[in-house]
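Each chain is listed here by its residues.
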Amino acid sequence: MSLTAGIVGLPNVGKSTLFNAITKKNILAANYPFATIDPNIGVVTVPDKRLEYLEHLYVPERMIPTTFEFTDIAGLVKGASAGEGLGNKFLSHIREVDAIVEVVRCFEDDNIIHVEGTVDPIRDIEIINVELMLADLEVIDNRLNRIGKKAVMAKDKETLAEVNVLTKIKEALEQNIPARRLELDEEERKILKPFNLLTLKPIIYMANINEDELLEKDNAYVEEVRKYASSEHALVIVVCAKIESELVELNDEDKALFLQDLGIEESGLDQLIKATYDLLGLATYFTVGSDEVKAWTFRKGMKAPACAGIIHTDFERGFIRAEVMSFDDLKACGNEQKVREAGKMRLEGKEYVMQDGDICHFRFNV
């Protein structure tokens, strides 16, 4: 599954520092705007304690976690939709991602320049949202100018449906309402898909705070972001970019001790990766054996043959059935034999909708 979350934000909010930590890449993180000029792509592994259990149980030769991509996109400034700063590059790159992680500065530091002069997270969020809305309005206006009159005159049902949903989005954007806040049915979303609208992409807000505020996980700025995010049912994750960049330099044991000293169960980046994975509508199934334990990413709602096809197209083409047990059943029973004895091992056919945590053996014939 090739799905990508784009990390966006104004210059100097900690975006590239967080990206460095996420991907353990040493990209340029400088104290001035546009230090990140081209999008940087990093593949991250999804933290999953179930893999640790499966590795202990099967003792495989190799253990392969599931992954997806983060893209670090050049910092945005006011006027991007009109080409200010690196606006056109920013907007073209963000159209290519499936979800948005917006890093918001929620800390004071006189040594780090703020492109707008002061720290104000809601203003920063709205600068980005306005630029995304203006860019979407341009796309919609161009399309309506091409097909609007033609649709009315021809009375073509498909074209009229397109005009109606585009007009619905246009009216919302003109009222400062991003498309993701609207109630859209499946048919409307299908019509909108080719336009790749920026404001329709799901979003997570990442509040970057100072290390001395990490235990509280809150300050007045973070509360403002939470209130804003609640209006569009978006998640807020609180991190300290500086701490996260230090954590990635540690081995697992030292990292656990560091988090314990901080009084934190899970790093902010682990929370972000899991939350983004869920936001993208992704889930995990496993294949297991003495040679390999592997996690596979699939979209929620996919049926067994399509999930088998993620491993190899022949598996989908010649799919017969899937032998399935849930991770929870395996853990409760202790091993595969006891799962079978408990009647928890199932044979599923072509209509089976795969569930997160399924452990599968696919039977196929080509």
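Definitions and cut-offs
Residues numbered from 1 in each chain as written. Predicted model: local features only at pLDDT ≥ 70, side-chain atom pairs only at ≥ 80, totals over all residues. Heavy atoms only, no water. Salt bridge = Lys/Arg side-chain N within 4 Å of Asp/Glu carboxyl O. Helix = DSSP H or I, 4+ residues; strand = E, 2+ residues; numbered from the N terminus. Buried < 20%, exposed > 50% of the residue type's maximum accessible area, 1.4 Å probe, protein only. Pairing = 2+ DSSP bridges. Axes fitted to C-alpha atoms, helices over the stretch in contact; angles between N-to-C directions. Contact = heavy atoms within 4.5 Å. Phe/Tyr/Trp six-rings, centres within 6.5 Å; stacked < 30°, edge-to-face > 60°. Lys NZ or Arg CZ within 6 Å of the ring centre and 35° of its normal. Patch = residues over 30% accessible without salt bridge, like charges linked within 9 Å, V, L, I, M, F, W, Y side chains within 5 Å. Areas by Shrake-Rupley, 256 points an atom, 1.4 Å probe, with all protein chains shown as cover. Lys, Arg positive; Asp, Glu negative; His and termini not counted. Charge placed at Lys NZ, Arg CZ, Asp CG, Glu CD. Arc of directions from axis to C-beta. Polar contact = N/O pair within 3.5 Å; in protein donor to acceptor, adjacent residues only side chain to side chain.

Asker: Can you lay out the pattern of salt bridges for me, pointing to particular residues and giving the numbers?
Answerer: For the coordinates displayed, the defined rule picks out 23 salt bridges. Across the pair Glu-232 and Arg-181 runs a salt bridge whose closest N-O atoms are separated by 3.0 Å. Of this pair, Glu-232 sits in the loop between helix 7 (220–230) and strand 7 (235–239) while Arg-181 sits in the loop between helix 5 (157–174) and helix 6 (186–192), and the two are 51 residues apart along the sequence. Relative accessible area serves as the criterion here: at 30%, Arg-181 is assigned to the partly exposed category.

Asker: Explain the sheet that holds strand 6 (residues 203–208) residue by residue, including any values.
Answerer: The strand order across the open sheet built from 6 strands is 2-4-1-5-6-7, with neighbouring strands paired in mixed fashion. Sheet topology places strand 2 (40–45) and strand 7 at the edges, where each strand pairs with a single neighbour. Recorded for the sheet is a direction-independent mean angle of 25° between the axes of neighbouring strands. As paired elements, strand 1 (residues 4–8) and strand 5 (residues 99–105) share 4 bridges and run parallel to each other. In the strand pairing of strand 5, Ala-5 is matched with Ala-99. Packed onto the sheet, helix 7 meets strand 5, strand 6 and strand 7 and runs at close to 160° relative to strand 7.

Asker: How would you explain the environment of Gly-268 if you had to name every residue and give the values?
Answerer: When you line up the elements, Gly-268 lands in helix 10 (residues 268–279). Since its relative accessible area comes to 4%, Gly-268 is described here as buried. On a C-alpha basis, the gap between Gly-268 and Val-238 in space is 6.6 Å, while along the polypeptide they are 30 residues apart.

Asker: So what's going on with the packing of aromatic side chains? Which residues, and what values?
Answerer: Enumeration over the complete set of coordinates arrives at 9 aromatic pairs. Considering the side-chain rings of Phe-68 and Phe-70, the 5.3 Å spacing of their centres and the 45° angle between planes classify their relative orientation as tilted. For the pair formed by Phe-68 and Phe-70, the shared burial category is buried. Cluster of aromatic residues (ring-pair linked, three or more members): Tyr-285, Trp-296, Phe-298, Phe-319 and Phe-362. The ring of Tyr-228 carries the charged tip of Arg-181 above its face, separated from the ring centre by 5.7 Å. One Lys or Arg, Lys-294, reaches over the ring of Trp-296 and ends 4.0 Å from the middle of that ring.

Asker: Describe a negative patch on the surface, and please don't skip the residues or the numbers.
Answerer: Together, Asp-156, Glu-158, Asp-185, Glu-186 and Glu-187 give the surface a local cluster of negative charge. Within the secondary structure, Asp-156 sits in the loop between helix 4 (121–154) and helix 5. Residue Asp-156 is classed as partly exposed on the basis of its relative accessible area of 35%.

Asker: Can you explain helix 7? Please cite residues and give values.
Answerer: Those residues of helix 7 not exposed but buried are Tyr-221, Val-222, Val-225, Tyr-228 and Ala-229. On an axial view of helix 7, the arc spanned by its buried residues comes to 125°, and they lie on one face. Away from its buried face, by an angle of more than 90 degrees, helix 7 presents the exposed residues Ala-220 and Lys-227. Put simply, Asn-219 is the residue that caps the front of helix 7, since its side-chain oxygen is 2.9 Å from the backbone nitrogen of Tyr-221.

Asker: Any chance you could break down the pairing of strand 1 for me, citing the residues and the numbers?
Answerer: The buried count for strand 1 comes to 5 of 5 residues, which makes it a mostly enclosed element. The two faces of strand 1 match: Thr-4, Gly-6 and Val-8 on one face and Ala-5 and Ile-7 on the other face are all buried.

Asker: Provide a residue-level description of unusual backbone geometry, including the pertinent values.
Answerer: Backbone geometry at Val-59 places phi at a positive 45°, although glycine is not the residue there. Judged by relative accessible area, Val-59 falls into the exposed class, the value being 61%.

Asker: Explain the side chain of Lys-15 to me, and be specific about the residues and the numbers.
Answerer: In this fold, Lys-15 is placed in helix 1 (residues 15–23). Engagement of the side chain of Lys-15 in a polar contact is seen with the side chain of Asp-72, the distance being 3.1 Å.

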